[in-house]
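Chain by chain, the residues run as shown.
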Amino acid sequence: MSIVNAQIVSCKCGARVELDLADSIHVDRHPHLRQRLLDGELHSFTCLACLRTIVIDKQLFYYDHARRQFLCAFPMSELGNADACDAITRNAFDQALGSGAPPVLQVKPEQYLLRTCFGLDELRDKIRIDDAKLNDLVVEELKCQVMANTPALQERGVIALWLRRVAPDGSLEFLPEATQRPAPEAGPGAMAVSRAFYDDVAALGHEAILAARPGLAWGSHVSMRRLWMESRKQARHGAAR
Ligand SMILES: [Zn+2]
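Residues numbered from 1 in each chain as written. Predicted model: local features only at pLDDT ≥ 70, side-chain atom pairs only at ≥ 80, totals over all residues. Heavy atoms only, no water.

*Asks:* In this structure, what is going on with the coordination of the zinc ion? I would like to understand it.
*Replies:* Octahedral metals with six donors have ideal donor angles of 90 or 180 degrees. Tetrahedral metals with four donors have an ideal donor angle of 109.5 degrees. Summarising the metal site, the zinc ion is bound by the protein donors C11 (SG), C13 (SG), C47 (SG) and C50 (SG), whose distances to it range over 2.3 Å. Along the chain, the residues donating to the zinc ion are arranged with the sequence spacing C-x1-C-x33-C-x2-C. One end of the pair, C11, is in the loop between strand 1 (3–10) and strand 2 (16–26); the other, C50, is in the loop between strand 3 (44–46) and strand 4 (53–55), with 39 residues separating them in the sequence. (Donors = N, O, S within 2.8 Å, 3.2 Å for Na, K, Ca; no water. Helix = DSSP H or I, 4+ residues; strand = E, 2+ residues; numbered from the N terminus.)

In structure tokens, the structure reads:
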């Protein structure tokens, strides 16, 4: 069952706010929690004293057996510990549906989307990609290529692309996440990538994608942010020398 607890947090204005926070979501029993997540309403609250929006970034298990999705979202602050988080996710899967579960419940990890992610944007992204019957390794490679070849995204300080939807013509619509807010004249900011581009990347095959960019995936963590993390680590090493 889903586990939701009331917790008290302090708003920046000093007000103490009682919030309902989920530790785990079982979509089969509580489909409205999936909808809240996809609508951007999960763990997002308005402080009634100052009207600020409070967004809580916390660990969250997400189980959807009908769609065969098993994910764990960790707070962004844990991104540097991605490999340890991957072990937590896979261990939880083992206990729920793998070797630690009663034989009648056991499935193979390949039968599920088994993923570690960081932050609710990435959790939503993984679910939308899977719901659209796309492959997330292909999408992450596509994001790398789009970001490397689109100067406008670099100029805006875009650090991630999140799938918003697949349009009726099959194109993939992404919302860029930028370190700085876009200027008002920048428009709504969504960008579309053609389905033909996706199909071309998919045609490379997983082995070729990972041979060219081995850092893109590790265990249950499949994310272009792994490369960003690696480059930051290398920069720190370089600075230490
Ligand atoms: Zn407040």
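*Asks:* What's the story with helix 3 (residues 119–131) in this structure? I'm lost.
*Replies:* A turn of α-helix holds 3.6 residues, and therefore any two residues three or four places apart point the same way. The end-to-end C-alpha separation of helix 3 is 19 Å, in line with the 18 Å expected for 13 residues at 1.5 Å each. Along helix 3, the residues classified as buried are G119, L120, E122, L123, R124, D125, K126, I127 and I129. (Expected span 1.5 Å × (residues − 1). Buried < 20%, exposed > 50% of the residue type's maximum accessible area, 1.4 Å probe, protein only.)

*Asks:* Explain the environment of I56 to me, please; I cannot follow it from the model alone.
*Replies:* Within the fold, I56 resides in the loop between strand 4 and strand 5 (60–64). For I56, a relative accessible area of 17% corresponds to the buried category. Separated by 37 residues in the primary sequence, I56 and L19 have C-alpha atoms spaced 9.5 Å apart. The residues touching I56, leaving out its near neighbours within four places in the chain, are V9, L19, L21, H43, F45 and L120. (Contact = heavy atoms within 4.5 Å.)

*Asks:* Please clarify how the nonpolar core should be interpreted in this entry.
*Replies:* Among soluble globular proteins, nonpolar side chains are generally buried collectively. Among the nonpolar cores identified, the biggest contains 24 residues, and L161 and F174 are the most heavily contacted of them. Of all the secondary-structure elements, those providing two or more residues to this core are helix 4 (136–148), strand 8 (158–166), strand 9 (172–178), strand 10 (191–193) and helix 6 (195–204). Those residues in contact with F174 that lie beyond four places of it in its chain are V139, L142, K143, L161, W162, L163, R164, G189, A190, M191 and V193. Y62, L113, L120 and L123 belong to the second-largest nonpolar core, a separate cluster that totals 16 residues. (Core = buried A, V, L, I, M, F, W, Y, C linked by side-chain atoms within 4.5 Å.)

*Asks:* What exactly am I supposed to notice about helix 1 (residues 31–38) here?
*Replies:* By the burial criterion, the buried members of helix 1 are L33, R34, L37 and L38. Down the axis of helix 1, the sector holding all buried residues measures 140 degrees, keeping them to one side. Positive phi appears at G40, one or two residues downstream of helix 1, with a value of about 75 degrees. (Arc of directions from axis to C-beta.)

*Asks:* What's the story with the sheet that holds strand 1 in this structure? I'm lost.
*Replies:* To summarise the sheet geometry, strands pair through backbone hydrogen bonds and adopt either a parallel or an antiparallel arrangement. Ordered in space as 1-2-5-6-7, the 5 strands form an open sheet in which the pairing is mixed. The open sheet has two edge strands, strand 1 and strand 7 (113–118), and neither has a second partner. Each strand axis lies, on average, 25 degrees off the axis of its neighbour in the sheet, ignoring direction. Of the pairings in the sheet, the one linking strand 5 to strand 6 (residues 69–74) comprises 5 bridges and is antiparallel in character. By the bridge assignment, Y62 is partnered in strand 6 with L71. (Pairing = 2+ DSSP bridges. Axes fitted to C-alpha atoms, helices over the stretch in contact; angles between N-to-C directions.)

*Asks:* Looking at this model, I keep getting lost on the side chain of R124. Mind explaining?
*Replies:* By secondary structure assignment, the location of R124 is in helix 3. Assessed through its relative accessible area of 12%, R124 is described here as buried. A polar contact of 2.8 Å, which involves the side chain of R124, links it to the backbone oxygen of L37. When sequence neighbours within four positions are dropped, the list of residues in contact with R124 reads L37, L38 and G40. (Polar contact = N/O pair within 3.5 Å; in protein donor to acceptor, adjacent residues only side chain to side chain.)

*Asks:* Is there a simple way to think about the domain arrangement of the protein chain in this case?
*Replies:* By the assigned domains, the protein chain splits into domain 1 (1–131) and domain 2 (133–241). Each of domain 1 and domain 2 has a C-alpha centre, and the two are 22 Å apart. Taken together, the contacts link 19 residues of domain 1 with 22 residues of domain 2. Contact between domain 1 and domain 2 buries roughly 1800 Å² in total, counting both sides, with carbon and sulfur atoms accounting for 49%. (Domains from an automatic or database assignment. Buried area = accessible area lost by both parts, 1.4 Å probe.)

*Asks:* Explanation requested: the packing of aromatic side chains in the structure shown.
*Replies:* Geometry of an aromatic ring pair is reported as the spacing of the ring centres plus the angle between the planes. A complete count under the given rule lists 5 aromatic pairs for this structure. Seen from their ring centres, F93 and Y112 are 5.7 Å apart, and the 65 degrees between their planes marks the pair as edge-to-face. Taken as a pair, F93 in helix 2 (residues 82–97) and Y112 in the loop between helix 2 and strand 7 lie far apart in primary sequence, 19 residues in all. Like Y112, F93 is buried. One aromatic cluster is present, formed by F61, Y63, F70, F93 and Y112 through successive ring pairs. (Phe/Tyr/Trp six-rings, centres within 6.5 Å; stacked < 30°, edge-to-face > 60°.)

*Asks:* I'm lost on unusual backbone geometry in this one. Help?
*Replies:* Excluding glycine, most residues fall at negative phi; most peptide bonds, likewise, are trans. One non-glycine residue, R68, lies in the positive phi region at around 55 degrees. In this structure R68 comes out as partly exposed when scored by relative accessible area, which is 37%. You will see that K133, though not glycine, has its phi angle at about 60 degrees, which is positive. On the secondary structure map, K133 appears in the loop between helix 3 and helix 4. Judged by relative accessible area, which is 73%, K133 ranks as exposed.

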